[in-house]
Amino acid sequence: MKRLVYRSQPFGFGRAMLAGILLDSRRNNRRDEITGALICRHDLYLQLIEGHASEIDALYSRINVDDRHGEVRLLLTDTVSERLFPRWDMLDDEAPSLFWSPAEVADGAVESTAPVELTRIFARLSANTAARKEHSGYA
Ligand SMILES: Cc1cc2nc3c(=O)[nH]c(=O)nc-3n(C[C@H](O)[C@H](O)[C@H](O)COP(=O)(O)O)c2cc1C
């Protein structure tokens with residue numbers, strides 16, 4: 001299986017847009033056996049997607065040309081045997097005052113975060129939401 005993390009810059013971030021993205025994502029991801037998490041904030045999307053390599057590549061190509069965000073930057077790809085978000089078609093997390101300040105994000109803090117640390121961020125998120133049951137995916 002393939003795991004991929006990227007970051008991007010939302011265009012016109014708001015609840016309605018986020019709800020639309022999540023609706024599309026959950027419908028498609030269930031079909032494509034993709035799971036993951038989308039951390040979002042007015043100045044940042046940070047998303048982890050995991051699944052069969054061909055489906056992940058196809059999704060990342062669609063995401064790259066989506067005009068609801070820009071400056072899409074690949075941060076890590078990995079081959080993994082287990083999912084971090086087996087129960088989630090797409091977990092959404094409104095970055096609880098997050099690890100980086102807006103100024104740090106603007107300065108490239110996300111891009112300079114080591115892949116192992118990025119994986120830890122999502123592993124912590126996964127552990128913190130283990131009790132939430134909705135949107136179950138592929139446990
Ligand atoms: C930040 C962000 C995250 C997204 N995540 C997903 C996703 O996990 N799965 C998905 O199918 N589409 C996702 N999309 C939407 C895709 O870019 C694309 O619009 C969608 O897959 C096309 O679906 P459709 O062919 O059903 O219209 C995301 C878009 C944005 C802006």
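Before reading on, note that the structure itself is shown above.
Residues numbered from 1 in each chain as written. Predicted model: local features only at pLDDT ≥ 70, side-chain atom pairs only at ≥ 80, totals over all residues.

**Topic: the overall build of the protein chain**
Piece 1. On a plain count of helices and strands, the protein chain comes out with four helices and five strands.
Piece 2. Each helix and strand of the protein chain, placed in order from N terminus to C terminus, yields the pattern β-α-β-β-α-β-β-α-α.
Piece 3. For the protein chain, the C-alpha radius of gyration of 14 Å lies close to 14 Å, the compact-globule estimate for 139 residues.
Piece 4. Counting contacts in the protein chain only where the partners sit at least 6 residues apart, residues at least 24 apart contribute 81% of the total. (Helix = DSSP H or I, 4+ residues; strand = E, 2+ residues; numbered from the N terminus. Rg over C-alpha atoms; globule rule 2.2 N^0.38 Å. Contact = placed C-beta atoms within 7 Å.)

**A short note on the sheet that holds strand E1 (residues 2-10)**
By way of backbone hydrogen bonds, the strands of a sheet pair with one another, either parallel or antiparallel.
Piece 1. With respect to topology, five strands assemble into an open sheet ordered E4-E1-E3-E2-E5, the strand pairing being mixed. Sheet topology places strand E4 (69-79) and strand E5 (91-93) at the edges, where each strand pairs with a single neighbour. Within the sheet, the average angular offset between the axes of one strand and its neighbour, ignoring direction, is 15°.
Piece 2. Packed on one face of the sheet, helix H4 (residues 115-128) meets E1, strand E2 (35-41), strand E3 (44-51), E4 and E5 and runs near 90° to E4. (Pairing = 2+ DSSP bridges. Axes fitted to C-alpha atoms, helices over the stretch in contact; angles between N-to-C directions.)

**Section: the site of the ligand**
Piece 1. Around the ligand lies a shell of 16 residues, among which Ser-25, Asn-28, Tyr-45, Asp-66 and Arg-68 are the nearest.
Piece 2. Where the shell around the ligand is concerned, the elements lending two or more residues are helix H1 (15-32), E3 and helix H2 (53-64).
Piece 3. In terms of residue count, the dominant contributor to the shell around the ligand is H1 (five residues). (Near = placed C-beta within 6 Å.)

**Observations concerning the nonpolar core**
Piece 1. Counting residues in hydrophobic clusters, the biggest one holds 21 residues, and the most contacted among them are Ala-37 and Ile-49.
Piece 2. Of all the elements in the fold, those that place two or more residues in this core are E1, E2, E3, H2 and H4.
Piece 3. Counting residues per element, this core draws most heavily on E3, at five residues.
Piece 4. With residues up to four places along the chain from it excluded, the contact list for Ile-49 reads Leu-4, Ile-34, Gly-36, Ile-56 and Leu-59. (Core = buried A, V, L, I, M, F, W, Y, C linked by C-beta atoms within 7 Å. Buried ≥ 20, exposed ≤ 12 C-beta atoms within 10 Å, placed from the backbone.)

**Some details on unusual backbone geometry**
Piece 1. The backbone of Glu-33 sits at a positive phi, close to 55°, despite the residue not being glycine.
Piece 2. Within the element layout of this structure, Glu-33 appears in the loop between H1 and E2.
Piece 3. The exposure class assigned to Glu-33 is partly exposed, which follows from the 15 C-beta atoms found within 10 Å.
Piece 4. Backbone geometry at Glu-71 places phi at a positive 50°, although glycine is not the residue there.
Piece 5. By secondary structure assignment, the location of Glu-71 is in strand E4.

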